[in-house]
Amino acid sequence: ARKVARWIRHPADFGSSVLDRVYTPGQIRVLESVARYPQTVVHSGHGVGKTSSAADIVLWWISTRKPAVVITTAPTWRQVDTLLWNEIRTRKLAAGRRLRGIPYPTKKCRMEISSNHYAIGLSTDEPQSFQGFHGANILVVLDEAGGVVSQVWEQVDGVAVSDPETCKILAIGNPVDPTGPFYESYLSESWNSIHLSCWDHPNVVHKDPKLYPGMVTLDWLLRKKREWGETSPIYISRCCGLFPTKRTDSVIDLAWYDHSANR
C-alpha cells in the first residue's frame, strides 16, 4: 500500500520498480511533470526517449488509479499504432505478471479492464471521436503533437475539464513548426514546458552509446550537424529540440516579423 501511494505521486518510481526501466534525467523530468502539473508539453530532439516515456505514463496511469481512462492520439493511425502503442505493447509484454490486472491489448490500440477503466488509441482523422470522454482520472497523450490538427486540440481541451489533479494532458513532439497549437502551448504559462536537447542526452555527454542503447548518439549528431548546418531549421528542431525561427518553406523569418512588430 505504501508503494502504491508513492507510485501515484512518482511515476518514475513505478517505472523502475514495475517496468524495470532505467531513465535518463530528461525522461524523469517528463514523468514527474505529468504527476505534478495538469498540462505538460515536451519539445525535444530525436532519439531522447520521449515516446517510450509516454508509454510508461500510460501504464502508470491505469495501474495506479481506478477507474481511469487514457486517450492517446497522433497525426496518423500508423503513428498511433507503430509508435506509442508499439511501446505500450512492448512494456506490457516485458512486465508480465508484475502489471497485475492490466491485460495485454487484445486489439491493437485498446487495453480494457472494465467499461470505465481502459486505454485507447485514436487517430486524428475524425476529431469528433474525442467527444464524450468525461469523468475522473482522465489522461490524454498527444504524440507527435506538432502534427495534431487544431480541431483535436480543441476537443482534448474539452475532455480535461475536471480536477487538475485527476485530469492530465501530455503533448510531446519535435518542434518543427513555430506556428499552431503545439507551439502556442510551449509559449503558454498554462503548460509546464520541458525542453530535451539531443546534446544533453547522457549518450552524447559521456560519448558512450552503450549507456542507453537505441537512443541518440554523438556520431549521429555530428553527422547531422555537418549535413544540415547549425543554422538550419531542421538541425535546430531535430537535434537541439528548439522551435526554429522560420519554417523550411517560409520566405519571411518569424524573428524578422517579431523585431518589426516590436519596433
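What comes next concerns the included structure. Every value quoted in this text rests on a predicted model; they were computed, and no experiment measured them.

### Quick word on the side chain of Asn 174
Then step 1. Inspection of the secondary structure puts Asn 174 in the loop between strand S6 (167-173) and helix H7 (180-187).
Then step 2. In this structure the side chain of Asn 174 is engaged in a polar contact, spanning 2.8 Å, whose partner is the backbone oxygen of Ser 44.
Then step 3. A distance of 3.5 Å separates a polar side-chain atom of Asn 174 from the backbone oxygen of Gly 45.
Then step 4. When neighbours within four sequence positions are excluded, Asn 174 is seen to be in contact with Ser 44, Gly 45, His 46, Lys 50, Glu 144, Phe 182, Ser 237 and Arg 238.

### Focus: the pattern of salt bridges
Note that side chains of opposite charge can pair when their charged atoms are close.
Then step 1. Enumeration over the complete set of coordinates arrives at 10 salt bridges.
Then step 2. A salt bridge links Glu 87 to Arg 91; the shortest N-O distance between them is 3.1 Å. Here the residue Glu 87 and the residue Arg 91 both occupy positions in helix H5 (residues 77-95), the gap between them amounting to 4 residues, near one helical turn.
Then step 3. For Arg 91, a relative accessible area of 11% gives the class buried.
Then step 4. When salt bridges that share partners are traced, they join Arg 21, Asp 56, Glu 87 and Arg 91 into one network.

Rules used in this analysis
Within each chain, residues carry numbers counting from 1 in the order of the written sequence. At least 70 in pLDDT is required for a residue's local features to be given in this predicted model, at least 80 for side-chain atom pairs to be given and counted, and no such filter applies to totals for whole chains, interfaces and linings, which use all residues. Excluded from the side-chain calculation are hydrogens and water; included are all heavy atoms of the structure. Think of it this way: any DSSP run of H or I at least four residues long counts as a helix, any run of E at least two long counts as a strand, and we number them from the N terminus. Think of a polar contact as two N or O atoms within 3.5 Å of one another; within protein, one of them needs to be a possible hydrogen donor and the other a possible acceptor, and neighboring residues in sequence only count if both atoms come from side chains. What makes two residues a contact is simply this: any of their non-hydrogen atoms within 4.5 Å. Within this document, salt bridges are pairs made up of a side-chain nitrogen of Lys or Arg and a carboxyl oxygen of Asp or Glu, the two lying within 4 Å of each other. The buried label goes to any residue with under 20% of its type's maximum accessible area, the exposed label to any with over 50%, and the partly exposed label to all in between, with areas taken from a 1.4 Å probe on protein chains only.

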